[in-house]
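An overview of the molecular structure
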Amino acid sequence: MNPDLIQELTPADLRGILRYVPQWRNHIFVISMDGALIRTPNFANILLDIAVLKNLQVKIVLVFGIGMEIRRIADQAQLEISDSSGEGPTDNITLEAGIQAAGTIAHKIMQGLTQAGLQCVHCNALRATKVGIVKGIDQQLSGKTDRIDTQLIHQLIENNVVPLVSPIAFSRLGEALRLNADAVSADLAIALKASKLIYLSPFKGVSIHDEFALNITVEEIRSVLNTNPTALLDITRSKARQSVRAVEAGVPRAHIIDGRDSDSLLTEIFHQVGIGTMVYGNDYMQIRKAHRSDIPILFQITRKATFSNELKLRTIEDFEKSIDHFYVYEIDGTIIGTIGLRPFNDPSVVEMEAVFVQSFYQGRGVGKKLVTFAIEESRRQGKKRIITLTTQTADFFKELCGFSETDKSILPQERADELALSKRNSKIFYIDLQE
Ligand SMILES: CC(C)(COP(=O)(O)OP(=O)(O)OC[C@H]1O[C@@H](n2cnc3c(N)ncnc32)[C@H](O)[C@@H]1OP(=O)(O)O)[C@@H](O)C(=O)NCCC(=O)NCCS
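Conventions we followed
Residues numbered from 1 in each chain as written. Predicted model: local features only at pLDDT ≥ 70, side-chain atom pairs only at ≥ 80, totals over all residues. Domains from an automatic or database assignment. Near = placed C-beta within 6 Å. Nonpolar A, V, L, I, M, F, W, Y, C, P; charged D, E, K, R; others polar. Core = buried A, V, L, I, M, F, W, Y, C linked by C-beta atoms within 7 Å. Buried ≥ 20, exposed ≤ 12 C-beta atoms within 10 Å, placed from the backbone. Helix = DSSP H or I, 4+ residues; strand = E, 2+ residues; numbered from the N terminus. Contact = placed C-beta atoms within 7 Å. Pairing = 2+ DSSP bridges.

Section: the domain arrangement of the chain
Segmenting the chain into domains produces domain 1 (3–283) and domain 2 (286–432). Centre-to-centre, using C-alpha coordinates, domain 1 lies 42 Å away from domain 2.

Encoded structure:
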């Protein structure tokens, strides 16, 4: 687990965690476990984490991959296989190895779930059809999802049973076919209207040009996959593609996380920052107007910055008077940052105030997004000048946000009087908006 996250956890975080608990109650998560994970030390923890989620009344559907196990079986028996990834043709030998691999992995998972006190059923909820010929190549016994028996899956999850879905499925006539587990997982997440599709992989998540993508919009990752697919490592591409497909089809979030990392599953779900790559649709992050109901949390989070004198103290009453001027940056229902746009008697001037990002999210571009938003919003409101006052963040506004330093002659009279009274000796910055 990321040591920064361990250091951050305090008993008070329990409050935060408990706030998240009801959030996912009765939601469906499709968890897709790479078969390679059954041979890692973290395998037992993953199943325990699934038991924790079940105890929190999350409805789990578990899919597993068989690629690595097929390779292992083929190596041991010195078999010549046509493809192990589930993306190429499947000949008879590969299918036989796949059936054996699926049996071994399903057995291990069922054993582990039993030890974790969970009931599960390895089910045939998936009907497959042959992929056929792709770019002139017969894919032989490779299949794709033809139909999903959602009723069967719902019956199982309503009865507190974990459905276990294998990438070996049968056609209408009962012929066994080998499917790609990443695609099957996305198909299930879409058909079941899951809230999350979670890929537990034997790698960290997705990096683009070697830069780790923590949270990425579906548009961004789709554009990289379409224009420059090699920017992603080969092993991550299939899960990235299927994540895009699922999110575009209405699954709110897809996560690709490192299943070798103990606690990664729970951290990804319950920690505000997460640990792996999350692909999300537009509704996940937003800057919106603050509501009156946000006041207690705004007071609580900004108060910390007043101890170090980074922000001036705003009381609950101050927020009540000025809440109409505040905006919040929200991620998944949690307020991560805030910014105020204070009007003056002079309607051409607005002050950007109380720019604040929670410490666990600093350095991820939220501050700059809030400032850019404030500048755009002021322009939209027809303001001619935006000003901001700061004691400790001069370089942030000047070097990163394009503000210029000036003196107090620029301030509206009421603001100049306040500044004199406050004795904060703040530096003054501005941007002219209609140049
Ligand atoms: C200032 C603040 C809003 C920046 O938010 P953020 O989300 O961390 O900022 P971003 O991720 O968009 O930008 C990070 C960059 O800002 C720089 N930065 C952050 N705080 C800074 C400061 N006090 N002075 C100078 N630069 C600063 C970082 O070094 C980083 O630079 P880089 O991109 O070159 O690496 C945030 O640090 C904060 O809330 N601070 C406490 C409250 C405060 O001081 N508010 C401003 C008072 S008006």
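Some details on the site of the ligand
Contacts to the ligand come from 19 residues, most closely from Glu 310, Gln 362, Gly 367, Lys 368 and Asp 395. Grouping the constituent residues of the shell around the ligand by class yields 8 nonpolar, 7 polar and 4 charged.

Observations concerning the nonpolar core
Counting 80 residues, the largest nonpolar core has Val 30, Val 61, Leu 62 and Ala 189 as the members making the most contacts within it. If one sorts the elements of this core by residue count, helix H5 (residues 92–115) sits on top with 8 residues. Those residues in contact with Val 61, other than ones at most four positions away along the chain, are Ile 28, Val 30, Ile 153, Ile 157, Pro 163, Val 165, Leu 188 and Leu 192. Of all hydrophobic cores here, the second largest spans 31 residues; its members include Tyr 329, Phe 356, Phe 397 and Leu 411.

Here we look at the pairing of strand S19 (residues 334–343)
With 6 bridges connecting them, strand S18 (residues 326–331) and S19 associate as antiparallel partners. Bridge assignment links Tyr 327 to a residue of S19, and that residue is Ile 339. Both S19 and strand S20 (residues 349–357) contribute to a ladder of 6 bridges, which runs antiparallel. Paired with Arg 342 across the strands is Glu 351, a residue of S20. Connecting the antiparallel pair S19 and S20 is a turn made up of 5 residues.

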